[in-house]
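# Secondary and tertiary structure notes
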Amino acid sequence: MRIGFIGLGNMGRHMARHLLRAGHLVTVHDTRPDAAAEHLALGARWADSPAECAREAEFLITMLPDPRSVEAVLLRGGAAEALPAGALWIDMSTSTPAVAERVATEVLDARGVHRLDAPVSGMARGAEAGTLQIFAGGSDADFRRALPVLETLGAPERILHVGPLGAGYTVKLMINLLWFSHLVATSEVLAMGVKAGVDLAVLRASLLASPAASNFLERDLMCVLADGDYDDSFAMALACKDLGLAVDLGRDLGVSTELSALVEQIYRRSKAQHGALAGEMSPVRLYESLAGQEFRLPRPVVALDTTAVTV
């Protein structure tokens, strides 16, 4: 298949590589030409502009950091105008239905170009392994058409058709919003517990044995608890962007977002303190400061096997 791929960042570079290794004819574009070096070595063709990347594509995949970038690439960059009639635009960015609708209304619909919103979850590790979870919004026919391409990028059992156009964007924003809320709530609980004198490992084990257990506490937080890794594969700037989009969506829908707005404020405070490029788990550090200690679990002590020692 002839695929145009725009956006070779932390996630996109792995995704484009999987498409090439699957044998597709891939044309790539990024604002940083050096980001395409590994893809060109695997046989990709370089495009100097978004329009050139889209011109002969059966599928155009965009993996961009925000709605503004999506609009810039598709409209001002000319990709929408360049797509052939009958092509399918698959936007895998964390964006909004409003931007995609604007692109469709201004250009795509008149040209007979189809579209699918298919944002992803799984972070850079999932992109590298090809095990992303994908949430697709669009017609059933377009989803089935895109499925062989999507299965190159994600685990087949984790590729979900979640509804009509726009549903993929919405589901992804809700997932991110709930995950960030888990982080803030969990950090606050750990800070209070350990400052009150409860051992961190005991507190975590107690929470996991209770109705308050969560996948976040059991798995996602372990990179901090075990290694002090605040996950800089996804920057605070992007986390704050996603939170802002979610709160804006709630406001547009007339849904009260007091809790979500507070989580956004906490994330923005962490961004100001730790930097825009700090890892998405950096708000944990705010609560470590309040607790007066880092949240770290003791590593298992490995006993030496003295029977194997020779002198």
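On a predicted model such as this, the values are computed, not experimentally measured, just so you know. (Residues numbered from 1 in each chain as written. Predicted model: local features only at pLDDT ≥ 70, side-chain atom pairs only at ≥ 80, totals over all residues. Heavy atoms only, no water.)

### A look at the packing of helix α9 (residues 167-195) against helix α13 (residues 236-253)
Relative to each other, α9 and α13 sit at 115°, their axes nearing to 9 Å. As far as their axial angle goes, α13 and α9 are roughly perpendicular. The chirality of how α9 crosses α13 is left-handed. Judged by residue contacts, Thr170, Leu173, Met174, Asn176, Leu177 and Phe180 of α9 engage Ala239, Asp242, Leu243, Leu245, Ala246 and Leu249 from α13. Among the residues forming the contact of α9 with α13, the class breakdown is nine nonpolar, two polar and one charged. (Axes fitted to C-alpha atoms, helices over the stretch in contact; angles between N-to-C directions. Helix = DSSP H or I, 4+ residues; strand = E, 2+ residues; numbered from the N terminus. Parallel < 35°, antiparallel > 145°, perpendicular 65-115°, else oblique. Left-handed = near helix turned anticlockwise from the far one by under 90°. Contact = heavy atoms within 4.5 Å. Nonpolar A, V, L, I, M, F, W, Y, C, P; charged D, E, K, R; others polar.)

### A look at unusual backbone geometry
Even without glycine at this site, Met123 takes up a positive phi of about 60°. Mapped onto the elements, Met123 comes out in helix α7 (residues 123-129).

### Digging into α9
For α9, built from 29 residues, the straight-helix expectation of 42 Å at 1.5 Å per residue is met to within 8% by its first-to-last C-alpha distance of 42 Å. Phi turns positive, to about 105°, at Gly197, one or two residues after α9. (Expected span 1.5 Å × (residues − 1).)

### A closer look at the pairing of strand β9 (residues 154-163)
Regular strands have side chains that alternate between both faces of the sheet. Bridge count for strand β8 (residues 132-137) against β9 is five bridges, and the pairing is parallel. Considered in β9, the bridge of Gly137 is made with Gly163. Regarding topology, helix α8 (residues 140-153) serves as the crossover connection from β8 to the parallel β9, and that connection is right-handed. (Pairing = 2+ DSSP bridges. Right-handed = clockwise from strand over helix to strand, strands pointing away.)

### Overview of the confidence of the model for the protein chain
With 96% of its residues at a pLDDT of at least 70, the protein chain reaches an overall mean of 94. Within the model, pLDDT remains below 50 along residues 301-311, and this stretch shows zero contacts once partners closer than five positions in the same chain are excluded. (pLDDT = per-residue confidence, 0-100.)

### Notes on the pairing of strand β6 (residues 114-117)
Sheet topology note: the strand β5 (residues 88-91)/β6 ladder contains four bridges and is parallel. Across the sheet, the residue bridging to Trp89 is Arg115, located in β6. Handedness of the crossover joining β5 and β6 through helix α6 (residues 97-111) is recorded here as right-handed.

### Quick look at the packing of α9 against helix α14 (residues 258-274)
It is the contact of α9 with α14, at a shortest axis distance of 10 Å, that shows an interaxial angle of 70°. As the angle between them shows, α9 and α14 are arranged roughly perpendicular. Seen along the crossing, α9 lies across α14 with a hand that is left-handed. Packed against α9, whose contacting residues are Leu177, Trp179, Phe180, Ser181, Leu183 and Val184, the element α14 presents Ser260, Val263, Ile266 and Tyr267 at the interface.

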